[in-house]
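# Topology and contacts: notes
Here are the chains, one letter per residue:
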Amino acid sequence: MAAPAPFRRRWPWVTADLQTVRNVLPGRLAGVPPDSGRRIEIPLSDESGDRLVARFHPGREPLPAVILVPGLTGCEASRHVLQSAGAWVASGAPVVRLNLRGAPPGRALARSHYHMDRVQDLADACEAVRERDPGIAQQGIIIVGFSLGGAIALRLAQAPFLPRVVKAVVAVSAPLDLVATAARMVRPRNRLYERWLLDRLRRETEPVWRPAPEPVRAAVQGARHIRDFDDALTAKEAGFRDAADYYEACSPVRGMDRLRIPTLLIHADDDPWIPPPAVAERPPLRVVVTRGGGHVGFHGTGSRLPWYVGAAQSFVQTCGE
């Protein structure tokens, strides 16, 4: 497979914001149907009784399985997940559209919620996928994560408990530095984005914060910024003192020198939410920062699929050579 051509924005998605919002605008995009694939449940090893929910698409070829991990407030039906799944399914690979703990499709099976320190959840998912098919155990697993899902995948790639079955990671628009990301999100230009994310976060986590003491409920409902929300709920759920402590401990940038498998970072230089990764490329890390592309956008010329799909497939093929 030849390397993809450099990314070039496709009309009319010619600005960072248009690239970013394309995935939530009305209109049909390529990809698998949301209700396709077999629904599976994945037990977690932390003895909480929580389970993850995913959609499994069996493969037709002896290829590594691909686990797609959505970002903040995303799920198995997010547009970028459906588009990516369509491309990987068409290639013949087994595909898993994973929902993080407590995301809407699996909310009834989890009392708690995902956050950046739920790295073991992803490891558990990899082991469960490996056990589904002897072919997967032989061919391995590729993790493709988007935004927060990409950051969790990066943390797993750095972890001593990384399952041996995981052969590579691709992270698209991932926040490596959570402090810098929080600072960028509070910029006035991002106020509408942040308000949209906060509304979705409050709805998604309501089963967690609604039974909490009144001061927690008030802080969650009164949060004006993502970092306020993280201060009130996420950091406490993750066992940290506050948002600053949580961001410092869970930023993937702290462990990039511990990457243990081939890893591809894809980021746009105009991402309105997340600064480009401030890391140097060195084995096993490859870094691609495109000119334009927005946040998990990359709607480019030459294909109706996002540019990162071809870039990820080329990278994975190269890893197997």
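Keep in mind it's a predicted model, so treat the numbers as computed, not measured.

### Topic: the overall build of the protein chain
The helix and strand inventory of the protein chain stands at 11 helices and eight strands. Overall, the protein chain is about 55 × 45 × 40 Å in size when its C-alpha atoms are taken along their principal axes. Within the span of the protein chain, comprising 321 residues, buried residues form 56% of the whole. Sequence-distant contacts, at least 24 apart, represent 71% of the contacts inside the protein chain between residues at least 6 apart. By element, 53% of the accessible surface of the protein chain is carried by carbon and sulfur atoms, the whole surface being about 14,000 Å². Computed over 42 positive and 33 negative side-chain charges, the separation of the two mean positions in the protein chain equals 5 Å.

### Observations concerning the packing of helix α6 (residues 178–185) against helix α10 (residues 243–250)
The contact between α6 and α10 brings their axes to 8 Å, and the two run at 130 degrees. As summarised for this structure, α6 and α10 are arranged oblique, according to the angle between their axes. On the side of α6, the interface is formed by Leu178, Val179 and Ala182, while α10 contributes Tyr246, Tyr247 and Cys250. Here the contact of α6 with α10 is composed, by residue class, of six nonpolar, no polar and no charged.

### What about the pattern of salt bridges?
Considering all chains together, one arrives at 18 salt bridges under this definition. Glu248 is the salt-bridge partner of Arg254, the closest N and O atoms lying 2.8 Å from each other. Accessibility expressed as a relative area gives 45% for Glu248, which makes it partly exposed. The network of salt bridges with shared partners includes Asp46, Asp50, Arg101 and Asp121.

### Remarks on the environment of Phe56
Positionally, Phe56 belongs in strand β2 (residues 51–57). Excluding anything up to four places from it in sequence, Phe56 contacts Gly37, Arg38, Ile40, Pro94, Val95, Val96, Arg132 and Ile136.

### Points about the side chain of Thr205
As for its placement among the helices and strands, Thr205 is situated in helix α7 (residues 191–209). The exposure class assigned to Thr205 is buried, which follows from its relative accessible area of 1%. In this structure the side chain of Thr205 is engaged in a polar contact, spanning 2.7 Å, whose partner is the backbone oxygen of Leu201.

### A few points about a nonpolar patch on the surface
Together, Trp11, Val14 and Leu18 make up a nonpolar patch on the protein surface, roughly 320 Å² of accessible area in all. Relative to the helices and strands, Val14 resides in the segment before α1 (16–21).

### Some words on the packing of aromatic side chains
What the rule picks out here adds up to eight aromatic pairs. Judged by centre distance (5.3 Å) and plane angle (65 degrees), the ring pair of Tyr193 and Trp273 falls under edge-to-face. In this pair, Tyr193 is assigned in helix α7 and Trp273 in the loop between β7 (263–268) and β8 (285–290), connecting sequence segments 80 residues apart. For Tyr193, a relative accessible area of 12% puts it in the buried group. Residue classification places Trp273 among the buried residues on the basis of a relative accessible area of 11%.

### Some remarks on the sheet that holds strand β4 (residues 95–98)
Strand order in this open sheet of eight strands is β1-β2-β4-β3-β5-β6-β7-β8, and the pairing throughout is mixed. At either margin of the open sheet sits one strand with a lone partner, and together these are β1 (38–43) and β8. The sheet shows a mean angle of 20 degrees between the axes of neighbouring strands, taken without regard to direction. Inspection of the sheet shows strand β3 (residues 65–69) paired to strand β5 (residues 141–146) by five bridges, in the parallel sense.

### Here's the deal with the nonpolar core
In terms of nonpolar packing, the biggest core is built from 69 residues, with Leu98, Ile141, Ile143 and Leu265 touching the most fellow members. For this core, the element with the highest residue contribution is helix α5 (residues 148–158), accounting for seven residues. What Leu265 contacts, discounting residues up to four positions off in sequence, is Leu154, Ala171, Leu176, Met256, Pro277, Val279, Leu285, Arg286, Val287 and Val288. Ranked by size, the runner-up nonpolar core spans 30 residues in total, among them Val144, Ala168, Trp307 and Phe315.

### What about the side chain of His115?
Looking at the element boundaries, His115 is found in the loop between β4 and α3 (119–130). In this structure His115 comes out as buried when scored by relative accessible area, which is 5%. Reaching out from His115, the side chain makes a polar contact with the backbone nitrogen of Asp117 at a distance of 3.0 Å. With residues near it in sequence (within four places) discarded, His115 still touches Ile152, Thr234, Glu237, Ala238 and Tyr246.

Each value, and the rule that gives it
- Residues numbered from 1 in each chain as written.
- Predicted model: local features only at pLDDT ≥ 70, side-chain atom pairs only at ≥ 80, totals over all residues.
- Heavy atoms only, no water.
- Helix = DSSP H or I, 4+ residues; strand = E, 2+ residues; numbered from the N terminus.
- Buried < 20%, exposed > 50% of the residue type's maximum accessible area, 1.4 Å probe, protein only.
- Contact = heavy atoms within 4.5 Å.
- Areas by Shrake-Rupley, 256 points an atom, 1.4 Å probe, with all protein chains shown as cover.
- Lys, Arg positive; Asp, Glu negative; His and termini not counted.
- Charge placed at Lys NZ, Arg CZ, Asp CG, Glu CD.
- Axes fitted to C-alpha atoms, helices over the stretch in contact; angles between N-to-C directions.
- Parallel < 35°, antiparallel > 145°, perpendicular 65-115°, else oblique.
- Nonpolar A, V, L, I, M, F, W, Y, C, P; charged D, E, K, R; others polar.
- Salt bridge = Lys/Arg side-chain N within 4 Å of Asp/Glu carboxyl O.
- Polar contact = N/O pair within 3.5 Å; in protein donor to acceptor, adjacent residues only side chain to side chain.
- Patch = residues over 30% accessible without salt bridge, like charges linked within 9 Å, V, L, I, M, F, W, Y side chains within 5 Å.
- Phe/Tyr/Trp six-rings, centres within 6.5 Å; stacked < 30°, edge-to-face > 60°.
- Pairing = 2+ DSSP bridges.
- Core = buried A, V, L, I, M, F, W, Y, C linked by side-chain atoms within 4.5 Å.

Keep in mind these values describe shape, not function.
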